[in-house]
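Fold and contact review
Letter by letter, the chains look like this.
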Amino acid sequence: MTANQLFKNICRKKSFLCIGLDTDIKKIPKHLLSEKKPIFEFNKAIVDATADFCVAYKLNIAFYESLGVEGWQALEETVDYIRHHYPDQFLIADAKRGDIGNTSEMYAHTFFEQFNFDAVTVAPYMGEDSVSPFLKYPDKWVILLALTSNKGAFDFQLTEDANGEKLFEKVLHRSMNWATSDRMMYVVGATKEAYFEKIREIVPNHFLLIPGVGAQGGDLEKVGELAINDQCGILVNSSRQILYASDSNLFYKAAAFEAQKIQQVMYAVLLKHGWVS
Ligand SMILES: O=C(O)c1cc(=O)[nH]c(=O)n1[C@@H]1O[C@H](COP(=O)(O)O)[C@@H](O)[C@H]1O
């Protein structure tokens, strides 16, 4: 999927919502635990209920690999299910990988060939040769960590060198030409709104994947105001707020309600820019 196709989907769905499938076996409704495939059944119900309100799903690999073989199976079945039933959805493997070249090649093979994801989150700190194997796949995306939503972003990413350049700024400057803005986007936490202007100064055209609204306290309206570019250029992720809106038998309806609430705010942002009517 190109950036332009993503933008078209955003306009058609009136949403730039990415739903995070951070499916935690300890948090899903208890009645699902008697199912043969509780994680997959949960994901399927959530996806069927929310697909109208979002343009992307992000599967956080940690939640699946922590369950061993069963988790990997649930991951594969979920990806296949979404691909088959909702082919317009952009599918992100949130794996935060990156290693020396031949190892990154294996990671890329895993997420782009073994699983048919559109994009994978990658850590930039081992440099270009750790990222380039992911970029060898035409039509697939790297989503590079730039400025993360957590407190620990202050430990390294927000520290400055002698010239006053912050580490996340260096990451953006160095990596922005590794691929076109059709193949690479950046992770920027919703909680780091003070830096959106600077980020847009450095990478005006790239899509940003923005987690951290809802459970982590980021403000969706501020994100919509400050991070957007002239082709929308943002995907805002929400995971727990949607997935665990209710633990009743009707959990998927509560999830749909939360997703629609977020989508309505996004609709207003898109309307303001004249991209939708
Ligand atoms: O790369 C990410 O997706 C990510 C980066 C970041 O800086 N902060 C962050 O929260 N995330 C992920 O985004 C999701 C946020 O989940 P909620 O806080 O439940 O909406 C989790 O899957 C995190 O791993």
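Procedures and definitions
- Residues numbered from 1 in each chain as written.
- Predicted model: local features only at pLDDT ≥ 70, side-chain atom pairs only at ≥ 80, totals over all residues.
- Helix = DSSP H or I, 4+ residues; strand = E, 2+ residues; numbered from the N terminus.
- Contact = placed C-beta atoms within 7 Å.
- Buried ≥ 20, exposed ≤ 12 C-beta atoms within 10 Å, placed from the backbone.
- Pairing = 2+ DSSP bridges.
- Axes fitted to C-alpha atoms, helices over the stretch in contact; angles between N-to-C directions.
- Near = placed C-beta within 6 Å.
- Nonpolar A, V, L, I, M, F, W, Y, C, P; charged D, E, K, R; others polar.
- UniProt positions renumbered as here; feature names shortened; annotations may be inferred.
- pLDDT = per-residue confidence, 0-100.
- Core = buried A, V, L, I, M, F, W, Y, C linked by C-beta atoms within 7 Å.
- Parallel < 35°, antiparallel > 145°, perpendicular 65-115°, else oblique.
- Left-handed = near helix turned anticlockwise from the far one by under 90°.
- Arc of directions from axis to C-beta.

**Description of the environment of Cys 54**
Along the chain, Cys 54 falls in the loop between helix H2 (38–50) and strand S2 (56–60). In this structure Cys 54 touches Ser 15, Leu 17, Cys 18, Ile 19 and Ala 259, once residues within four positions along its chain are discounted.

**Remarks on the pairing of S2**
Within S2, 5 of the 5 residues are buried, which leaves it mostly tucked inside the rest of the structure. Here S2 shows two buried faces, one formed by Ala 56, Lys 58 and Asn 60 and the other by Tyr 57 and Leu 59. Judged from the 4 bridges that link them, strand S1 (residues 17–21) and S2 form a sheet pairing that is parallel. Bridge pairing in S2 links Leu 21 to Leu 59. Pairing between S2 and strand S3 (residues 90–97): 5 bridges, direction parallel. Of the residues in S3, the one forming a bridge with Leu 59 is Ala 93.

**With respect to the sheet that holds strand S7 (residues 208–210)**
Pairing within the closed barrel is parallel, and its 8 strands lie in the order S1-S2-S3-S4-S5-S6-S7-S8. Each adjacent strand pair in this sheet contributes to an overall mean axis angle of 30 degrees, direction not counted. Bridge count for strand S5 (residues 141–147) against strand S6 (residues 184–188) is 5 bridges, and the pairing is parallel. Bridge pairing links Leu 145 to Val 187 in S6. Seen against the sheet, helix H7 (residues 167–175) touches S5 and S6 and runs at an angle of roughly 150 degrees to S5.

**Side note on the site of the ligand**
Neighbouring residues of the ligand: 20 residues in total, closest Thr 148, Ser 149, Pro 211, Ser 239 and Arg 240. Among the secondary structure elements, those contributing two or more residues to the shell around the ligand are strand S8 (234–238) and helix H10 (240–243). Counted by class, the shell around the ligand contains 3 nonpolar, 14 polar and 3 charged residues.

**A word on the UniProt feature "domain: Orotidine 5'-phosphate decarboxylase" (unreviewed entry) in the protein chain**
UniProt feature "domain: Orotidine 5'-phosphate decarboxylase" (unreviewed entry): in the numbering of this structure it lies at residues 16–255. Regarding residues 16–255, the helix share stands at 35% and the strand share at 18%, and the terminal C-alpha atoms are separated by 17 Å.

**Brief notes about the confidence of the model for the protein chain**
On average, residues of the protein chain score 97 in pLDDT, and 100% of them are at 70 or above. Note on the complex model: pTM 0.98, ipTM 0.99.

**Regarding the nonpolar core**
Within the largest apolar cluster, 88 residues are counted, with the highest numbers of intra-cluster contacts made by Leu 17, Ile 143 and Ile 234. No other element matches helix H11 (residues 251–272), which puts 9 residues into this core.

**Structural notes on the packing of H2 against helix H4 (residues 69–85)**
Two quantities define a packed helix pair, namely the angle between the helix axes and the distance between the axes. For the pair H2 and H4, interaxial distance at closest approach is 9 Å and the crossing angle is 25 degrees. The pairing of H2 with H4 is recorded here as roughly parallel in orientation. In the crossing of H2 with H4, the sense of the turn from one axis to the other is right-handed. On the side of H2, the interface is formed by Ile 39, Phe 40, Asn 43, Lys 44 and Val 47, while H4 contributes Gly 71, Ala 74, Glu 77, Thr 78, Tyr 81 and Ile 82.

**A few points about helix H1 (residues 3–13)**
Every buried residue of H1 is listed here: Ala 3, Leu 6, Ile 10 and Lys 13. Along the axis of H1, the buried residues cluster in a sector spanning 95 degrees; they form a single face. In this structure, H1 carries Asn 4, Gln 5 and Arg 12 as exposed residues pointing more than 90 degrees from its buried face. In the segment just after H1, Lys 14 is the residue with positive phi, at about 55 degrees.

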